[in-house]
Amino acid sequence: MADPFAKNAATTAEDALKLIPRAEFRTFGQGVIELVKEKMWNGKTVLFQARRMPMETYFLSAKTNEANVKVRDGLLDIKTKVGETPEGYEIFQPRGKFQFPVKKEDLATILSHLKAEMNLTQDMYTIDEFIAMARQHADLVPVTVEKMRYGFTIDGIICEYAQVWFNGAMVETACAESENYAGMRQVIEGLGIAAMPNTNYLKAAKKVMGME
């Protein structure tokens with residue numbers, strides 16, 4: 001299995017739509033990491049190398065929790081929610097990973113998913129220009145996100161526990177994600193997190209930032 005925590009590579013919107021979307025269950029809270037570390041051997045577990053992620057910028061929209069837009073590894077990365085499994089696990093479809101400077105047309109599409117309007121007068125936008133524009137927008141809040149991730153798989157299901165800092169405020173998280181939706185439930189129950197709230201990064205960041 002390829003390392004699911006490897007560095008990003010640019011992907012066009014057309015190629016992204018060919019990817020099978022993963023369902024994800026994620027929870028945040030104190031004590032999550034110790035719980036998962038105790039339970040993570042309840043199956044065929046394969047460890048990946050721990051990774052301190054490069055600093056990322058997430059763009060929170062006051063009008064939606066269904067567009068995950070971030071700058072990661074120097075790429076403007078977007079996924080949008082397209083559904084849920086019967087268990088309530090969220091399904092996000094990749095929409096592309098764009099190199100900076102970003103074309104006006106691509107940025108306009110991303111802003112439409114964020115439900116945020118901007119007057120785009122340039123043909124291309126740099127990363128600094130986009131972040132500055134987002135900071136001035138009434139409905140957008142850029143948030144600096146840092147992660148220390150510990151990845152593993154259980155019976156082929158991608159899992160992790162991590163420390164996450166939203167603008168310097170640290171919270172713990174754990175998740176399971178896979179294209180194999182049926183296989184996720186058993187792994188999540190085995191990790192002891194099934195009864196915890198299913199909270200994606202956008203909702204967690206909004207809670208820390210006082211937006212919810």
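Conventions adopted
- Residues numbered from 1 in each chain as written.
- Predicted model: local features only at pLDDT ≥ 70, side-chain atom pairs only at ≥ 80, totals over all residues.
- Heavy atoms only, no water.
- Core = buried A, V, L, I, M, F, W, Y, C linked by side-chain atoms within 4.5 Å.
- Buried < 20%, exposed > 50% of the residue type's maximum accessible area, 1.4 Å probe, protein only.
- Helix = DSSP H or I, 4+ residues; strand = E, 2+ residues; numbered from the N terminus.
- Contact = heavy atoms within 4.5 Å.
- Arc of directions from axis to C-beta.
- Disulfide = S-S within 2.5 Å.
- Pairing = 2+ DSSP bridges.
- Salt bridge = Lys/Arg side-chain N within 4 Å of Asp/Glu carboxyl O.
- Phe/Tyr/Trp six-rings, centres within 6.5 Å; stacked < 30°, edge-to-face > 60°.

**Student:** How should I be thinking about the nonpolar core in this particular structure?
**Tutor:** The nonpolar side chains of a soluble globular protein tend to be buried, and buried together. By size, the foremost hydrophobic cluster in this structure holds 21 residues, and its most contacted members are F59, V69, L76, L107, L111 and L114. Elements that contribute at least two residues to this core include exactly β5 (67-72), β6 (75-84), α3 (104-114) and α4 (127-136). Top element by residues in this core is α3. It accounts for four residues. With residues near it in sequence (within four places) discarded, L107 still touches L76, V102, L120, Y125 and F130. Counting residues in hydrophobic clusters, the runner-up holds 20 residues, among them I33, M40, M184 and L191.

**Student:** Can you help me understand helix α5 (residues 181-190) in this one?
**Tutor:** Side chains three or four residues apart in an α-helix point the same way, a direct result of the helix having 3.6 residues per turn. Every buried residue belonging to α5 is among M184, V187 and I188, and all of these are buried. Each buried residue of α5 lies within a common arc of 100 degrees when the element is viewed along its axis, so the set occupies one face. Across α5 from its buried face, at more than 90 degrees, point the exposed residues A182 and Q186. The secondary structure elements touched by the buried residues of α5 are β1 (22-28), β10 (140-154), β11 (157-166) and β12 (169-178). Note on α5: the residue one or two positions beyond its end, G192, has a positive phi of about 80 degrees.

**Student:** Honestly, the state of the cysteines in this entry has me stumped. Any pointers?
**Tutor:** The bond known as a disulfide is covalent and runs between the sulfur atoms of two cysteines. By the definition in use, this model includes zero disulfides. C159 takes part in no disulfide bond, and the closest cysteine sulfur to it belongs to C175, at a distance of 7.0 Å. What makes C159 buried here is its relative accessible area of 0%. Relative accessible area serves as the criterion here: at 1%, C175 is assigned to the buried category.

**Student:** Is there a simple way to explain the pairing of β12 in this structure?
**Tutor:** Sheet faces and side chains relate simply in a regular strand, where the side chains alternate between the two faces. A large share of β12 lies buried, amounting to eight of its ten residues. Pairing geometry for β1 and β12, over six bridges, is antiparallel. Following the sheet pairing, R26 is matched in β12 by C175. Both β11 and β12 contribute to a ladder of nine bridges, which runs antiparallel. What sits directly across from I158, in β12, is E177. If you look at the hairpin formed by β11 and β12, you'll find two residues sitting between the two strands, and N167 has a positive phi there, around 50 degrees.

**Student:** Where do I start with the pattern of salt bridges in this structure?
**Tutor:** Pairing is possible between side chains of opposite charge, provided their charged atoms come close. For the structure on display, the rule yields 14 salt bridges. In this structure, R52 and E146 form a salt bridge, with 3.8 Å as the shortest nitrogen-oxygen distance. On the criterion of sequence distance, the pair formed by R52 in strand β3 (residues 51-52) and E146 in strand β10 is long-range, its members being 94 residues apart. Overall, the relative accessible area of 48% leaves R52 in the partly exposed class.

**Student:** Can you help me understand the packing of aromatic side chains in this one?
**Tutor:** Centre distance and the angle of the planes are the two values used to describe a pair of aromatic rings. Counting across every chain of the model gives eight aromatic pairs. A centroid spacing of 5.9 Å and a plane angle of 75 degrees characterise the contact between F25 and Y89, whose relative ring orientation is edge-to-face. Taken together, the positions of F25 in strand β1 and Y89 in the loop between β6 and β7 (90-99) put the pair 64 residues apart, joining distant regions of the chain. We classify Y89 as buried; its relative accessible area is 7%. Ring geometry for Y150 versus Y161: centroids 4.9 Å apart, planes at 15 degrees, classification stacked.

**Student:** Any chance you could explain α3 here in plain terms?
**Tutor:** Looking only at α3, the buried set comprises L107, I110, L111 and L114. Looking straight down α3, one finds its buried side chains confined to an arc of 100 degrees; they lie on one side. After α3 finishes, the residue K115 shows a positive phi value of roughly 60 degrees.

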